[in-house]
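As a plain string of letters, each chain reads:
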Amino acid sequence: MTVTSVADLNSGVRTSPFFKAITPNFGQNVNLGSSWKLGVVPDVGVTPPTGVGEVTTSATVGALSIPAPASGNQMYLRSFRASLVESSHASPVLLFDRLVHTSGLVANITTEQAVNSVAVARGTSGEGVLAFMEVYTAIGGTGSTVSMTYTNQDGTTGKVSPTTAFSGGTSPPTGALIPLCLAAGDTGVRSVESVTLGISTGTAGDFGITLARRIASVYAQNDVVTNGFTPSPGRKADFLDCLSPIYEDACLWFVTTRTTGTASSRLMGELGFVDA
Amino acid sequence: MAIATMDELVAGMAAGQQMGFHKVSLANSTSGLPMSLWTAAGSPGAGSTPASGAGVAPTNATGGCLAFTDPGGADSAYLTAIELAGSTAGQWSLIDRLVHTSGLDGTVTTSQTVNSAAITRPDATGEGVELFVECYTQLGASNRTLTVTYTNQAGTGSRTGTALIPPNMRVGGMSAVALQAGDTGVRSVQSVILSASTGTAGNFGMTLLRRVATLAANNAAQGVQHDVFDLGMPNINSGACLAFMMYAAATSTGTMQGLLRTATG
């Protein structure tokens, strides 16, 4: 079945709250910050297996618990509310279905590192899937570039991405997340075969590859306060903004942009679901 | 069919597409001038420089566009939501690239033939179609005026318009062609002529496009969201080659990322 009317949207709405404690300098010197290794709801995510990694599901530690649809029904995201509580942390809050993740790569070598990740399997052949470099143990502060060899949305192997630069100065900490570009003409990733850094960052650390499908986002306002605990106004997306199918075993995961603040912050809100 | 009720809209949205995207920054020569993100790396991957001469009419099968799939049967596709944030404030437009060309030389001061390919989507008359200069290899340091000879939306040929070529026009740089008085669109481009050499041959072309939606962010990183009622549910024609252009409030476009949704019905 599927949602076919306004009445379907208002029948049996269920919610899943979330609350993440964001550490200072989250995502420092890179574009984005992953909440995967942050608590509280959902719990701190597991560091992925090394090598080929794993396909993540709703049972993977770190995934947001979501209601299961009735038998034969399809679950949909109906609403998305989020606020960021911290001084000067203006950020989109992005919701992804985390499909595959790996770890065990090091940031102090420039030779090709094999990944040979498992392929994405949930609702996509790779079309629309984004690839990220995700840090699990802080890497070095020397700026570098990263590129990957991957299989694209059509199953074509050996595709080589353009290099993506990430700046130095302060070591990207746990949670630093760098979106990887695709080769000209590609629109998705099915699996990643290898990763190569252009320059050693100076510290091995631990990073991996995360493949994910974007679902929705809200944009939390910039709210500069002095005590670090005044809530930002928060933002809300309703079905007009975010109506999307959610696969039953989806591993829901939040991403924000970086903050250079020295105060901790909190990401909190709730997702609303309907099934029909 | 067309979506005509709220229930049909909800059903269409539930069955619609979602297209995520992110693009790296491109350097602009002049703050405030439009920039095409066609050749910017990211996801989707960068588009290629078009064919020279008459160019081509790109479609949703052309590498570089968003992964839009045509609706089936008699259904139409509509843009119902878009959310976008960038590291630079500015205004982004989601565009359908109807025709694009390249191979024009920034040092040639005689008439350069274009005779652009025909528009193939329902915009075939050219009504409402905008015309831009687009740069694929940097031009020279001297700003110039480009005079364009084109056919308008009524099929009248030998119409002329002008565009500014800024100094050191960079890859991705765009410049709007001001149409002749009374014209409301462009069907094809016949030729162009520079007022003088820019100093460097480079490579530029002509892009005919239709804007699908425009959204603006006053502050970097804050992001912007529009739902179906903000957007007015514009049609996305079958075969649309969806891409972005940006008016950046800085000398670079900044990184950008977002998601757009469609409804089918």
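About the criteria used
Residues numbered from 1 in each chain as written. Chains lettered and ligands numbered in written order. Predicted model: local features only at pLDDT ≥ 70, side-chain atom pairs only at ≥ 80, totals over all residues. Heavy atoms only, no water. Helix = DSSP H or I, 4+ residues; strand = E, 2+ residues; numbered from the N terminus. Rg over C-alpha atoms; globule rule 2.2 N^0.38 Å. Buried < 20%, exposed > 50% of the residue type's maximum accessible area, 1.4 Å probe, protein only. Contact = heavy atoms within 4.5 Å. Salt bridge = Lys/Arg side-chain N within 4 Å of Asp/Glu carboxyl O. Polar contact = N/O pair within 3.5 Å; in protein donor to acceptor, adjacent residues only side chain to side chain. Buried area = accessible area lost by both parts, 1.4 Å probe. Nonpolar A, V, L, I, M, F, W, Y, C, P; charged D, E, K, R; others polar. Pairing = 2+ DSSP bridges. Core = buried A, V, L, I, M, F, W, Y, C linked by side-chain atoms within 4.5 Å. Phe/Tyr/Trp six-rings, centres within 6.5 Å; stacked < 30°, edge-to-face > 60°. Lys NZ or Arg CZ within 6 Å of the ring centre and 35° of its normal.

(A) Quick look at the overall build of chain B. Scanning chain B from N- to C-terminus turns up two helices and 16 strands. The globule rule puts the C-alpha radius of gyration for 265 residues at 18 Å, and the 18 Å found for chain B is close to it. Reported as C-alpha extents along the three principal axes, the dimensions of chain B are approximately 60 × 40 × 30 Å. For chain B, the proportion of its 265 residues judged to be buried stands at 55%. Sequence separation of at least 24 residues holds for 82% of the intrachain contacts in chain B that already meet a minimum separation of 6.

(B) Highlighting the overall build of chain A. Each helix and strand in chain A was counted, giving two helices and 18 strands. Split into buried and exposed, the 276 residues of chain A put 57% on the buried side. For chain A, restricting intrachain contacts to residue pairs at least 6 apart in sequence, the fraction spanning at least 24 positions comes to 81%.

(C) Molecular detail of the pattern of salt bridges. All names here are of chain A. Tallying each qualifying case throughout the model produces eleven salt bridges over all chains. We note a salt bridge from glutamate 270 to arginine 81, for which the minimum N-O separation is 3.9 Å. Here glutamate 270, found in strand S18 (residues 265-275), pairs with arginine 81, found in strand S5 (residues 75-85); they are 189 residues apart in sequence, far enough to count as distant. Judged by relative accessible area, glutamate 270 falls into the partly exposed class, the value being 27%. Residue arginine 122 pairs with aspartate 97 through a salt bridge whose shortest N-O separation is 2.6 Å. Taken together, the residues span a long stretch of sequence, with arginine 122 in the loop between strand S7 (113-114) and strand S8 (129-137) and aspartate 97 in strand S6 (residues 91-101) at a distance of 25 residues. Here arginine 122 and aspartate 97 have matching classes, each one buried. Each of the salt bridges in this network shares a partner with another, and the network as a whole consists of Asp97, Arg122 and Asp249.

(D) View of the side chain of B:His100. Residues and elements named next belong to chain B. Structurally, the position occupied by histidine 100 is in strand S5 (residues 90-100). Given a relative accessible area of 2%, histidine 100 falls into the buried group. Side chain to side chain, histidine 100 and arginine 97 meet in a polar contact 3.0 Å long. Once residues within four sequence positions are removed from consideration, histidine 100 is found in contact with Trp38, Pro50, Ala51, Gly55, Val56, Pro58, Tyr136, Met206 and Thr207.

(E) A look at the interface of chain B and chain A. Taken together, the contact between chain B and chain A spans 38 residues of the former and 41 residues of the latter. Summing both partners gives a buried area of about 2900 Å² for chain B against chain A, and 57% of it is carried by carbon and sulfur. Remark: the boundary between chain B and chain A carries zero salt bridges. Contributions of two or more residues to the side of chain B that touches chain A are made by helix H1 (6-14), strand S1 (18-23), strand S3 (42-43), strand S4 (77-86), strand S13 (224-226), helix H2 (228-231) and strand S16 (256-264) of chain B. Looking at side-chain class alone, the side of chain B that touches chain A contains 19 nonpolar, 15 polar and four charged residues.

(F) Representation of the pairing of S5(B) within the structure. All names here are of chain B. When you tally the buried positions in S5, you get ten out of eleven residues, the bulk of the element. Pairing of S5 with strand S15 (residues 242-248) involves seven bridges; the strand directions are antiparallel. Within S15, the residue paired with leucine 94 across the bridge is phenylalanine 244. Pairing geometry for S5 and strand S12 (residues 203-217), over ten bridges, is antiparallel. Bridging across to S12, arginine 97 finds its partner in leucine 209.

(G) Highlighting the nonpolar core. All names here are of chain B. Phe244 and Leu260 are the most contacted members of the largest nonpolar core, which has 28 residues in total. Of all the elements in the fold, those that place two or more residues in this core are S1, S4, S5, S12, S15 and S16. In this view, leucine 260 contacts Gln17, Gln18, Met19, Phe21, Leu66, Leu79, Ala81, Ile82, Leu94 and Phe244; residues no more than four positions away in its chain are not counted.

(H) Region of the structure containing the packing of aromatic side chains. Residue and element names in this part refer to chain A. Per the stated rule, a full pass over the model turns up seven aromatic pairs over all chains. Here phenylalanine 96 and phenylalanine 132 contribute two aromatic rings whose centre-to-centre distance is 5.5 Å and whose plane-to-plane angle is 85°, an arrangement assigned as edge-to-face. You can see phenylalanine 96 sitting in strand S6 and its partner phenylalanine 132 sitting in strand S8, a full 36 residues away along the chain. Look at phenylalanine 132 and tryptophan 253: their rings are 6.1 Å apart centre to centre, the planes differ by 85°, and that puts the pair in the edge-to-face class. With phenylalanine 132 in strand S8 and tryptophan 253 in strand S17 (residues 252-257), the pair connects residues that are 121 residues apart, well separated along the chain. Note on accessibility: phenylalanine 132 and tryptophan 253 belong to one class, buried. What links up through ring pairs into an aromatic cluster is the set Phe18, Phe80 and Phe254. Note that arginine 98 overlies the ring of tryptophan 36, its terminal NZ or CZ placed 4.1 Å from the centroid. The cationic tip of arginine 98 hangs over the ring face of tryptophan 253; the distance from NZ or CZ to the ring centre is 4.6 Å.

(I) Fine view of the side chain of A:Thr201. All names here are of chain A. Topologically, threonine 201 is positioned in the loop between strand S13 (189-197) and strand S14 (206-220). For threonine 201, a relative accessible area of 2% puts it in the buried group. Separated by 3.2 Å, the side chain of threonine 201 and the backbone oxygen of threonine 203 make a polar contact. Residue contacts for threonine 201: discarding those within four places in its chain leaves Ala107, Asn108, Ile139, Gly140, Gly141, Thr142, Ser144 and Phe166.

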